[in-house]
Amino acid sequence: MKRPKLKKASKRMTCHKRYKIQKKVREHHRKLRKEAKKRGHKKPRKDPGVPNSAPFKEAVLREAELRKQQLEELKQQQKLDRQQERKRKLEVNPGGEQSNVQPQQECEEPKTKKAKSGKQNPKKLHCQELKKVIEASDVVLEVLDARDPLGCRCPQVEEAVVKSGHKKLVLVLNKSDLVPKENLESWLNYLNKELPTVVFKASTNMKYREKILKVKKKAVPFQNKTCCGKNTLCKLLEGFQQSCGKDIRVGVIGFPNVGKSSIINSLKQEWICSVGVPMGLTRSMQVVPLDKQITVIDSPCFIISPSNSSTALALRSPTSIEVLRPLEAASAILSQADSQQVVLKYTVPEFKDSLDFFTKLAQRRGLHQKGGGPSVESAAKLLWSEWTGASLGYYCHPPTSWTPSPHFNESITANMKKGFNVEELEMNNAHSIQVLKGLHLTSKILFRSSGLTNGIIEETDIPEELPRHKENGQGGEDDRNGNGDNNAETSDAPIVEDTTEMLPVESTASKASDRLFAVDKMHEEDDDAYDFRTDYV
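Computed from a prediction, not measured in an experiment: that's the story for all the values here.

1. So, the pattern of salt bridges
On inspection of all chains with the given rule, the structure shows 12 salt bridges. Where Arg-153 meets Glu-158, a salt bridge forms, and the shortest distance between an N and an O atom there is 2.9 Å. For the pair formed by Arg-153 and Glu-158, the shared burial category is buried. With a shortest N-O distance of 3.3 Å, Asp-356 and Lys-360 are connected by a salt bridge. Here Lys-360 and Asp-356 lie together in helix H16 (residues 354-365), a separation of 4 residues that amounts to about one turn. Among the charged side chains, a network of salt bridges with common partners joins Asp-145, Arg-147 and Lys-175.

2. Quick word on the packing of helix H8 (residues 181-192) against helix H19 (residues 422-435)
Taken N-terminus to C-terminus, the directions of H8 and H19 make an angle of 165°; their axes are 10 Å apart at the nearest point. On the basis of the axis angle, H8 is roughly antiparallel to H19. Like other packed secondary-structure pairs, H8 and H19 cross with a definite hand, here right-handed. Listed contacts from H19 to Lys-181, Leu-184, Glu-185 and Leu-188 of H8 are Asn-429, Ile-433 and Gln-434. Residue composition of the contact of H8 with H19, by class: 3 nonpolar, 2 polar and 2 charged.

3. Section: the packing of aromatic side chains
Enumeration according to the criterion identifies 9 aromatic pairs in this entry. Centroid distance Phe-255 to Phe-302: 5.1 Å. Interplanar angle 80°. Geometry classified as edge-to-face. You can see Phe-255 sitting in the loop between strand S4 (248-253) and helix H11 (260-268) and its partner Phe-302 sitting in the loop between strand S6 (294-298) and strand S7 (303-304), a full 47 residues away along the chain. We note that Phe-255, like Phe-302, is buried. An aromatic cluster is defined as three or more aromatic residues linked by ring pairs; in this entry it consists of Tyr-346, Phe-351, Phe-357 and Phe-358.

Reading the values: rules and limits
- Residues numbered from 1 in each chain as written.
- Predicted model: local features only at pLDDT ≥ 70, side-chain atom pairs only at ≥ 80, totals over all residues.
- Heavy atoms only, no water.
- Salt bridge = Lys/Arg side-chain N within 4 Å of Asp/Glu carboxyl O.
- Buried < 20%, exposed > 50% of the residue type's maximum accessible area, 1.4 Å probe, protein only.
- Helix = DSSP H or I, 4+ residues; strand = E, 2+ residues; numbered from the N terminus.
- Axes fitted to C-alpha atoms, helices over the stretch in contact; angles between N-to-C directions.
- Parallel < 35°, antiparallel > 145°, perpendicular 65-115°, else oblique.
- Left-handed = near helix turned anticlockwise from the far one by under 90°.
- Contact = heavy atoms within 4.5 Å.
- Nonpolar A, V, L, I, M, F, W, Y, C, P; charged D, E, K, R; others polar.
- Phe/Tyr/Trp six-rings, centres within 6.5 Å; stacked < 30°, edge-to-face > 60°.

Structure below.
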């Protein structure tokens, strides 16, 4: 006898129960929306895709799929490049074997030491990395800005290179296209008396660079049409490598924004080192193999000594303009420039002092404050950014009489030139100067150089920086509590917290609880309102 089939339970329910469920669902969704609004998370937008009415829909979808595959391949290639870079660093680093011998000790280090190293002064880290580059290099390239070559030389670093052993020091005059050809030749003759000097102009292609940075690709070939002096420098290094009979490592050093990373990119013909307008982008040494015999090492910038002149501090400090005080830094630069040529360059009327110039420049460029008056500070920032960048053309004359540096003598100078083909270097430099396009007479500004710029190479010479909360006093505590920004923004508003400090603690706590209760009650009343965005069945 067959067992009768049991009927499925009915899904019917009373209207009261169904409406109650819908109400609970609406309340739940409202609660989720409130929490998301408090956290600041926005609802992710759904990709609408390609509409059917769009022309060439199949081609667009095919391109999107191809782009996705290329990004995946790029990630895999970057992963392989990182692994190869680690291997190269282990080969180049002289202390790499010791670090491999003691892996357990590194793992057993407490977390407090790692935290302390992360909070270390960045200037001390720059000095450490600079010493590593000098020690690991056979040839050191000191990059100078052709607009002020003497101001880009650091006697302390040059002395450290001389004392470090049998290392060669070569000067590279970068940004040679921003000075007149006659001035470039006079500086070349002046510097060649002491050290071998190379005329160079690095490749710069800002539009193509922005596209590459968006994709975050590590090495991309680029057009090398604008580079000048690459063959001269490569032949010089190849000749020295053949005279040594072994593989050589070349360190690139210099002050910020002289073009160290741009020179490496031009030699390699790939965008490997990060370059940009901000100062001090390179913060650690980076090993780049030029070919099988020559390896180039990028380094962070020099740390300038605070004992230098205000002009040198304004042009060579790897800090932001806000730290340097815009008006002081720009005024120091303006005081060393020819006033008539500055007037012609910026097309402003004659000025009495720096403040008058910044006022007229702000009016000329349309830089205004809230009230409509000229923004003097913005004009000072504009002047500073142009003089520290790579677009403004200015020049300075070399000293009339040549005086050797105190850490150089005839024997050291002869030793530095030994192993290099000096005659071929002079011929190649003359050819590079002919190829370069010099500045027009109307766009050049005469600048008075402040001489050699002192730097800091020892970590002990760097002054300890106080934490911000100690410098600002009580303001640091507000920053830790998260009230620093609010206090800065509401400085014009009447201060209510000072009056509550005089009241007892219980009364202030009760007032705060009453205020919170009132706010919660208002939110509860808002929640009971009808939500028109809710879909009803």
